[in-house]
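Each chain, written out:
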Amino acid sequence: MSTLRVGLRCDASARRGVGHLVRCLALAEEFLARGAHVAVLGTVERLDWATAELAARGIPVHPGPDSPAELVEAARRHHLDVMVLDSYELDPAGAGALRAARVFTLAVIDGDSRGQVADLYLDQNFGAELTGLPGRLLAGSGYALLRDSVITARPPVPPPVTAVSRPRVLAFFGGTDAVGAAPVLTQVLVATGHPMDLTVIVGRPEIEAEVEDVTPGRGQVIRPVPPTTSLPALITQADLVVSAAGTSTWELCCLGAPAALVCVVDNQRESYARVVRHGLAAGLGELPELTAAGVAGRAARATAARTLHGLLSSPQRRATLAGKAWSTVDGRGRARVVDAVLDAVRPAAVTG
C-alpha cells in the first residue's frame, strides 16, 4: 500500500498570526503518526520557533500556491492524495478545482465556508454548526486540533481548588500578538490592584517595549518572555490565563486552565460569545472596546478589571471555569478528523 501524501496549505507571519499553522501542525503530527508523508505549502515568515517546530518533525515547507490552477499543479507535482486548506485569503474556488482533479480536500473553517466546495469541512469551534454544505461537516470542539505538547500536558483530572495570595497569571495573545493586545491587557491586570506574578508572552520587540513601560502596583511582578515551546507547561502552572479567543482557546480547555478571554478580531466574535455563555471561560470584552478613548474605553477597561479581580480573588470561581473547560475538550479531536479523512480516502487504512 503506498504512503498517503498530505499537503497543508496555510500561512503564518507576524501580520497574519500563527493560528492556522498551529492547528495544521496538530493535524500533521497525527498524519505522521499514521505513517503519512506531510508537507506544508505556504509561507512561514520570520517565525524561527515555527520553522524549528516543522524542521523537528521533518515537515518540508514549499512555496504556497494561491490560484486554483496553482493548487492543482502543486498537488500533482507533490503527488498529493489529500489537501488541507486553512486560509481566509485563498480563492474559494481552489477547493472545487482540487476535487475535480481527484485530490481529497479538507477545508478548515471558522463559521464561514466562503463558498468552498470541499469533500470534508472542519469547524472546531464550540457549538459550531453550518447547514447546506456540499460535503460532510465535522463540527464542534470534539474535533479541536491540538498538538502533541498540549495533549501530553493534559492533566488526568481538572485542576483542584487552590487558594494563593499572589496568583501566577499568564497572558498571551497568539504566536505574534498581531493585534497588540498584550500591553492593553497588562494595564488592565495591573488596574485590578490584586497582587500577582504576571508572565506576558511578547511576540514582537515593539510589544515587549510597551509591556515593559507598564508600571506594576504593590505586590505585582511583570515578566515579559519571548514565544516559547514550553507554553503548555506555563499554562498548567498558572492560576489564571488571559488570552485571545482564537485557536488557543481549545488548548486552554484541554489543559483545564481557568481562563479569561478577549475577542481580538471579528471572526472570533461568535465562538467567543458561545464559550463565555457556556462558562468555559470568563469574558473580558472586545479589544477595540478596551482600547477606545474617552468614557467608553475607561468603562470597558474598568469592567474587565473587575472581572479579573473577581477571578484572582476567588479560587472557587477559577476552579469552576477550569472544570467545565477540561470536560469540554478531551484532546482526541485531531484523531477523529484524521479517522474521517482516512475513512473517505482509504477505508482499509483506518487504524483507530
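Chains are numbered independently. Their residues run from 1 in the order of the written sequence. Restriction of local features to residues with pLDDT of at least 70 applies here, the model being predicted, together with a cutoff of 80 or more for giving and counting side-chain atom pairs; totals for whole chains, interfaces and linings are based on all residues. No hydrogens and no water enter the side-chain calculation; it runs on all heavy atoms of the structure.

**What to know about the sheet that holds strand E13 (residues 282-286)**
Then, number 1: One open sheet accounts for six strands, arranged E10-E9-E8-E11-E12-E13; its pairing is parallel. Two strands close off the open sheet at either side, each with one partner strand: strand E10 (220-225) and E13. Within this sheet the neighbouring strands show an average axis-to-axis angle of 15°, counted without direction.
Then, number 2: Pairs of strands are assigned from DSSP output, requiring at least two bridges between the strands. By the criteria applied, helices consist of DSSP H or I runs no shorter than four residues and strands consist of E runs no shorter than two, each listed in order from the N terminus. Note: strand E8 (residues 168-172) against strand E9 (residues 196-201), four bridges, orientation parallel. The partner of Arg168 across the bridge, within E9, is Asp197. Orientation is described by lines fitted to C-alpha atoms, with helices fitted over the stretch in contact, and by angles between N-to-C directions that extend from 0 to 180 degrees.

**Some words on the confidence of the model for the protein chain**
Then, number 1: Residue-level confidence of the predictor, termed pLDDT, takes values from 0 up to 100. Residues of the protein chain with pLDDT of at least 70 account for 98%, and the chain-wide mean is 93.
Then, number 2: Below a pLDDT of 50 lies the segment residues 348-352, which in the model reaches seven contacts outside its immediate sequence neighbourhood of four places, other chains included. We call two residues in contact when some of their heavy atoms are within 4.5 Å.

**A closer look at the packing of helix H6 (residues 181-191) against helix H12 (residues 294-313)**
For any two helices packed against each other, one specifies the inter-axial angle together with the distance between the axes.
Then, number 1: The N-to-C vectors of H6 and H12 enclose an angle of 60°; their axes lie 8 Å apart at closest approach. On the basis of their axis angle, the class for H6 and H12 is oblique. In terms of crossing hand, the pair formed by H6 and H12 is right-handed. Facing Val188, Leu189 and Ala191 of H6, the residues of H12 in contact are Arg301, Ala304, Ala305 and Leu308.
Then, number 2: Among the residues forming the contact of H6 with H12, the class breakdown is six nonpolar, no polar and one charged. For this classification, under 35 degrees means roughly parallel, over 145 means roughly antiparallel, 65 to 115 means roughly perpendicular, and everything else is oblique. By the definition used in this description, the sense in which the near helix is turned from the far one sets the handedness, with an anticlockwise turn below a right angle giving left-handed and a clockwise turn giving right-handed. As a working rule, the residues Ala, Val, Leu, Ile, Met, Phe, Trp, Tyr, Cys and Pro are called nonpolar, Asp, Glu, Lys and Arg charged, and the rest polar, with Gly in that last group.

**Overview of the pairing of E13**
Then, number 1: Throughout this description, buried means an accessible area under 20% of the type-specific maximum (1.4 Å probe, protein chains only), exposed means over 50%, and partly exposed covers the range between. Of all the five residues making up E13, four are buried; the element is thus mostly covered by neighbouring parts of the structure.
Then, number 2: Taken together, the three bridges between strand E12 (residues 259-263) and E13 define a ladder with parallel strand orientation. From the neighbouring strand, Leu261 faces E13, where its bridge partner is Gly283.
Then, number 3: Considered for its hand, the β-α-β crossover made up of E12, helix H10 (residues 269-277) and E13 is right-handed. Look down the strands so they point away from you; if the path from the first strand over the helix to the second goes clockwise, the crossover is right-handed.

**Quick word on the nonpolar core**
Then, number 1: By convention a nonpolar core is built from buried Ala, Val, Leu, Ile, Met, Phe, Trp, Tyr and Cys residues, the set being connected through side-chain atoms within 4.5 Å. Within the largest apolar cluster, 36 residues are counted, with the highest numbers of intra-cluster contacts made by Val6, Phe31 and Val84.
Then, number 2: Elements with a contribution of two residues or more to this core: strand E1 (5-9), helix H1 (19-33), strand E2 (37-41), helix H2 (48-56), strand E4 (82-85), strand E5 (104-108), strand E6 (120-123) and helix H14 (333-345).
Then, number 3: The greatest single-element share of this core, amounting to eight residues, is contributed by H1.
Then, number 4: Dropping the residues within four chain positions of it, Val6 is found in contact with Phe31, Ala36, His37, Val38, Ala39, Leu80, Val82 and Val84.
Then, number 5: Membership of the second largest hydrophobic core comes to 35 residues, among which are Val202, Val214, Val262 and Ala300.

**A closer look at the sheet that holds strand E7 (residues 136-139)**
Then, number 1: The strand order across the open sheet formed by seven strands is E3-E2-E1-E4-E5-E6-E7, and the pairing between neighbours is parallel. Each edge of the open sheet is held by one strand with a lone partner, namely strand E3 (61-62) and E7.
Then, number 2: As judged from the three bridges shared by E5 and E6, these two strands associate in the parallel manner. Paired with Leu106 across the strands is Leu120, a residue of E6.

**Digging into unusual backbone geometry**
Then, number 1: Positive phi, close to 65°, is recorded for Arg102, a residue that is not glycine.
Then, number 2: Of note, Arg102 is situated in the loop between helix H4 (93-100) and E5.
Then, number 3: One non-glycine residue, Arg114, adopts positive backbone phi at about 55°.
Then, number 4: By the secondary structure assignment, Arg114 is in the loop between E5 and E6.

**Quick look at the side chain of His20**
Then, number 1: Inspection of the secondary structure puts His20 in helix H1.
Then, number 2: His20 gets classed as buried once you look at its relative accessible area, which sits at 15%.

**What about H10?**
Then, number 1: For H10, every residue scored as buried is listed here: Ser271, Tyr272, Arg274 and Val275. Angularly, the buried residues of H10 cover 165° about the axis, an arc narrow enough to put them on a single face. H10 presents Glu270 and Arg277 as exposed residues on the side facing more than 90 degrees away from its buried surface.
Then, number 2: The inward-facing, buried residues of H10 contact helix H9 (248-254), E12 and E13.
Then, number 3: Phi turns positive, to about 75°, at Gly279, one or two residues after H10. When we speak of the arc, we mean the arc of directions from the helix axis to the C-beta atoms.

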